[in-house]
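Read off the chains here:
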Amino acid sequence: MLATRVNSALALAVRKASLAPPIASRVASRFPRNARFLSGEAKAGGIPSKLTLNLMAPHEAVFVAKEVDQVIVPGADGIFGVLPGHVPTISELKPGLVEVTVAPGEIVKFFVSSGFVFAHADSTCDVCALECVKLDDLDASAVASGKSQAEGELNSAQDEVEKAKAQIAVEVYTAMTEALNTK
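Residues numbered from 1 in each chain as written. Predicted model: local features only at pLDDT ≥ 70, side-chain atom pairs only at ≥ 80, totals over all residues. Heavy atoms only, no water.

*Asks:* Residues and numbers for the state of the cysteines, please.
*Replies:* Considering all chains together, one arrives at 0 disulfides under this definition. Free cysteine: C125, not disulfide-bonded; nearest cysteine sulfur from C128 at 9.0 Å. On the basis of relative accessibility, which here comes to 34%, the residue C128 falls in the partly exposed class. (Disulfide = S-S within 2.5 Å. Buried < 20%, exposed > 50% of the residue type's maximum accessible area, 1.4 Å probe, protein only.)

Here you go:
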């Protein structure tokens, strides 16, 4: 009985494996960015030594096709790092610190308010932030003042929309304060 289940599971796995190449070629033809990865060229050439980073905000392109070692981002489900060869991922960004390791010992830090991060199969990472400020450019006294003002607005909010706006402001200012404490 057990042998029959194992054999049928093995036969199913073999059948699925034989279907994989046509599926991979169809996906590669629809999404050329992934064609090299799905065709096996990435395996032959190996994982690149550098990650290609695009760090964008609506008002500024901070990095465009910058070769870096690693990026650490504040994802909605937690902080995570992206290295060359990272599994393709899409994540919402929460307010927090983006750390870019340009070279060993050279780390550039940015505060982002929100946005999305896309890790692609070709070792490219796109960080699209609504606001992106170099951590060194944040003024600690202005952040503390903004946080207390936002907390006051939250306490005096009359309707749900005002409360939601104030709550978002408090969360962003709190994340800025935490980021400044990592300096």
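*Asks:* Describe the side chain of S113, with residues and values.
*Replies:* With respect to the secondary-structure elements, S113 resides in the loop between β7 (106–112) and β8 (115–119). Its relative accessible area of 14% is what places S113 among the buried residues. Among residues more than four places away in sequence, those in contact with S113 are K94, P95, L130 and E131. (Helix = DSSP H or I, 4+ residues; strand = E, 2+ residues; numbered from the N terminus. Contact = heavy atoms within 4.5 Å.)

*Asks:* Summarise the layout of surface pockets; cite the residues concerned and give the values.
*Replies:* Each pocket or cavity is described by its volume, and for the largest pocket that value is around 260 Å³. Along the walls of the largest pocket sit 13 residues, with I79, P95, G96, L97 and E178 positioned nearest its centre. (1 Å grid on protein atoms, 1.4 Å probe; cavity = no way out; pocket = protein on both sides within 12 Å on 5 of 7 lines; lining within 4 Å. Points joined across faces, edges and corners; volume = space filled by probe spheres on them.)

*Asks:* Which residues make up the packing of helix α4 (residues 140–156) against helix α5 (residues 160–180), and what values do they have?
*Replies:* Between α4 and α5, the least distance of the axes is 8 Å, while the angle of their chain directions is 155°. Taken together, the axes of α4 and α5 are roughly antiparallel relative to one another. In the packing of α4 onto α5, the handedness of the crossing is left-handed. On the side of α4, the interface is formed by A140, V143, G146, K147, A150, E151, E153 and L154, while α5 contributes K163, A166, Q167, A169, V170, Y173, T174, M176, T177 and L180. (Axes fitted to C-alpha atoms, helices over the stretch in contact; angles between N-to-C directions. Parallel < 35°, antiparallel > 145°, perpendicular 65-115°, else oblique. Left-handed = near helix turned anticlockwise from the far one by under 90°.)

*Asks:* I'd like to hear about unusual backbone geometry, residue by residue, with values.
*Replies:* The backbone of A65 sits at a positive phi, close to 50°, despite the residue not being glycine. By secondary structure assignment, the location of A65 is in strand β2 (residues 60–68). Overall, the relative accessible area of 47% leaves A65 in the partly exposed class. Positive phi, normally seen in glycine, also occurs at S123, with a value near 60°.

*Asks:* So, the pattern of salt bridges: which residues are in play, and what are the values?
*Replies:* Opposite charge on two side chains permits them to pair, given that their charged atoms come into close proximity. Scanning the model with the defined rule gives 2 salt bridges in all. One salt bridge in this structure joins D69 and K50, with 2.8 Å as the shortest N-O distance. Residue D69 is located in the loop between β2 and β3 (70–75), and its partner K50 is located in the loop between α3 (41–45) and β1 (51–57); the two are separated by 19 residues in the primary sequence. The salt bridge partner of K163 is E160, with a shortest N-O separation of 4.0 Å. (Salt bridge = Lys/Arg side-chain N within 4 Å of Asp/Glu carboxyl O.)

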